[in-house]
Structures are given as structure tokens and as C-alpha cells.
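Structure at a glance
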Amino acid sequence: DDWLALKPQEPSPSQCCGSGCKPCIYDVYEKELAQWERAKAKQDKSLLVEKKDQSNNSELNPDTFTAFNISSVEQLTEDTYQYKFELPGNSSLRLSLGQHIVLRGVVNGLEVQRAYTPISPGNAEGYFEVLMKHGELLMLASGTGLAPMLPILRSITEDEEDETFVTLVGCFRTFDKIYLKPLLQDLARYWNIRIFYVLSQETSLEKLPWSYRENTHTGRLGEDLMKTIVNSCRRRPFVLICGSSAFSEDMSRYLKAAGIEENSCFVF
């Protein structure tokens, strides 16, 4: 059981940016899997810790990832941020003109990697900078109000350059009334998509499949739960609402209590 817990997890297709990165997230997985298999065969967990040459920590290696600290984050526009990373001493990335780097991190529990071209001068010493654009949507759907949300979700997940974070909250009476479960589960595998369910007529989560329990709430979507969801977003989201007129009115009221103004909402 200990060895299985240490086994690298195979990436899902949604975790690959499709840009031909070297290394690709699948290349890294194959390397880590081979390392795990060697360590398991020898029953030596110390082999899982790759020894690195600290003197070359500032040099990028096309075969592996190197950890760098973020020294500052500056918001340039509503959804664009400038990240500054530290380099040891007065070292430099030494990139060729137009060459990009691949950044890797964990978002919503998924390992994600994306290619970026540094905006800092090529001879910058001790640091490098990149621009990242992050939008955020909060979708509130009741019953068939889910329908207009799906084309938007698909357009985001099918665009490799779109890094919009999306939180979809689907409100249904019971678990059996949730529409398009396979499609929603597939969308939830994307690194930038979160999906929650609120079931008004379910009293317990015990009868639900394990894969749904963590992201499902029983009862109605009220003011307190709305505040929790809004506060879990990385920044103030733009909100899309679709459902009955009573549902839309309630959601608008709860959002206002959570600090979301009317001009940040769109009602279908």
C-alpha cells in the first residue's frame, strides 16, 4: 500500500497543453514511473528522491523541471498578472530570442503545465518575469438552466490558450435529476473547471457515489453557501445565472450579500 501511494499518477488528456513541450507532462510521467519501478524493485524509497547538482540550479534543463521561488506578483489589469521568479545569485536563464519555458504547478488538485515566453530582458540577472492572464467565471444553474452553460464551458476547454477558471454550481432536486452526468464529470477533469452540485431534496450524501460526495451539498443554495463558494474563487468572478425567475432573484440577492455587484452578473 505504501508503494502504491508513492506511484506517479498518469496525467489526464486535459492536463497536456498540446504545444509540443519538451518535456511534455507525459514524458515527465514516464520518467517518474520508471524511477518508481526501480525503487520498488530494490525496496529503496531513497531512490525516489532525485539527486540534483545545486551548482547548476539556475540552468534550465530540457529533461526535467527546476523549482524557482516567486518573489512578487503584480496585477496589471483586471485579469492579467506579472509574476517575478527568483534565480540564484546573479544567474540568467540564457534563453534564445523568442524561446519559451514551460511552467508546471498544481491547480485544483491537478498538475498543470503551460508554455510562456519570459517578458524580462534576455540578459536579466537574478530573476525572470512572465505574464499570466486569469479570468474567473461563476456559473449558477438550476435544472435545465444548465443548457446555456455547456457551450461556454466547451469553448473554454477546447481553447488551449484560454486559462479562464470556471466554477459551475448545478442545482437539482435529487442526484437522479442531474443532467448529463458523464459530460459534467469529463469537464470536471480539466484543471481550470470546478463543478459543485446542490441537491434540494436529498437529506444525506451516503447513498451518492464516492466521486460525488466531496463536491455535493444537500439542501438549497442559500446565502451562507453562496458566500463560501464566492470566497473559494481566486478573485471576484463574473457570474452567469440561469434558472427560474425566482431562482435568479434569489441568486442575485445572495451574490450581493457576498459582495458581488449587479454589474458583475448576467442573467439568461
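Residues numbered from 1 in each chain as written. Predicted model: local features only at pLDDT ≥ 70, side-chain atom pairs only at ≥ 80, totals over all residues. Heavy atoms only, no water.

1. What to know about the pairing of strand 8 (residues 193-199)
Within strand 8, seven of the seven residues are buried, which leaves it mostly tucked inside the rest of the structure. Of the two faces of strand 8, the one lined by Ile193, Ile195, Tyr197 and Leu199 and the one lined by Arg194, Phe196 and Val198 are each fully buried. Where strand 7 (residues 165-172) and strand 8 come together, seven bridges link them in parallel fashion. Along strand 8, the bridge assignment pairs Phe172 with Leu199. Where the polypeptide runs from strand 7 across helix 4 (residues 181-187) and back to strand 8, its parallel neighbour, the crossover connection is right-handed. (Buried < 20%, exposed > 50% of the residue type's maximum accessible area, 1.4 Å probe, protein only. Helix = DSSP H or I, 4+ residues; strand = E, 2+ residues; numbered from the N terminus. Pairing = 2+ DSSP bridges. Right-handed = clockwise from strand over helix to strand, strands pointing away.)

2. With respect to the UniProt feature "binding site: FAD" (unreviewed entry) in the chain
Residues given the UniProt feature "binding site: FAD" (unreviewed entry) here are Arg114, Tyr116, Leu131 and Lys133. Taking the farthest pair of C-alpha atoms as the criterion, the annotated set spanning 20 residues converges on one region, since that pair is 11.9 Å apart. For Arg114, the location among the structural elements is in strand 4 (residues 110-116). Here Lys133 lies in strand 5 (residues 127-133). (UniProt positions renumbered as here; feature names shortened; annotations may be inferred.)

3. Quick notes on the pattern of salt bridges
Tallied over the entire structure, the rule returns six salt bridges. One salt bridge in this structure joins Asp250 and Arg253, with 2.9 Å as the shortest N-O distance. With Asp250 and Arg253 both in helix 7 (residues 245-257), this residue pair falls three residues apart, about one helical turn. (Salt bridge = Lys/Arg side-chain N within 4 Å of Asp/Glu carboxyl O.)

4. A few points about the packing of helix 6 (residues 223-232) against helix 7
Axes are the key here: two packed helices are described by the angle between their axes and the distance separating the axes. In the contact formed by helix 6 and helix 7, the axes pass within 9 Å of each other and the chain directions differ by 60 degrees. Judged by the inter-axis angle, helix 6 sits oblique to helix 7. Classified by chirality, the crossing of helix 7 by helix 6 is right-handed. Residues Glu223, Met226, Lys227 and Val230 of helix 6 form the contact with helix 7, whose participating residues are Met251, Tyr254, Leu255 and Ala257. A breakdown of the residues in the contact of helix 6 with helix 7 according to their chemical character gives six nonpolar, no polar and two charged. (Axes fitted to C-alpha atoms, helices over the stretch in contact; angles between N-to-C directions. Parallel < 35°, antiparallel > 145°, perpendicular 65-115°, else oblique. Left-handed = near helix turned anticlockwise from the far one by under 90°. Contact = heavy atoms within 4.5 Å. Nonpolar A, V, L, I, M, F, W, Y, C, P; charged D, E, K, R; others polar.)

5. Some words on the confidence of the model for the chain
Mean pLDDT over the chain stands at 84; residues scoring 70 or higher make up 88%. Counting contacts from residues 52-58, a segment whose pLDDT is below 50, to residues more than four positions away or on other chains yields 10 contacts. (pLDDT = per-residue confidence, 0-100.)

6. Here we look at the packing of aromatic side chains
This model, assessed by the stated rule, comprises seven aromatic pairs. Ring centres of Phe85 and Phe128 lie 4.9 Å apart, and the angle between their planes is 5 degrees; this geometry places the pair in the stacked category. Taken as a pair, Phe85 in strand 2 (residues 80-86) and Phe128 in strand 5 lie far apart in primary sequence, 43 residues in all. Look at Phe85 and you get buried, because its relative accessible area is 8%. An angle of 85 degrees between the planes, with centres 4.9 Å apart, marks the rings of Phe175 and Tyr212 as edge-to-face. (Phe/Tyr/Trp six-rings, centres within 6.5 Å; stacked < 30°, edge-to-face > 60°.)

7. Overview of the environment of Ser96
With respect to the helices and strands, the residue Ser96 is situated in the loop between strand 2 and strand 3 (101-107). Accessibility expressed as a relative area gives 49% for Ser96, which makes it partly exposed.

8. As for the nonpolar core
One finds Met139, Leu153, Leu168, Leu184 and Tyr197 to be the most contacted residues of the largest nonpolar core, which totals 23 residues. Of all elements in the fold, only strand 6 (136-142), helix 3 (149-157), strand 7, helix 4, strand 8 and strand 10 (238-242) reach the threshold of two or more residues within this core. The residues contacting Met139, other than those within four sequence positions of it, are Met149, Ile152, Leu153, Val166, Thr167, Leu168, Val169 and Leu240. In this structure, Leu221, Met226, Val230 and Tyr254 belong to the second largest nonpolar core, which totals 20 residues. (Core = buried A, V, L, I, M, F, W, Y, C linked by side-chain atoms within 4.5 Å.)

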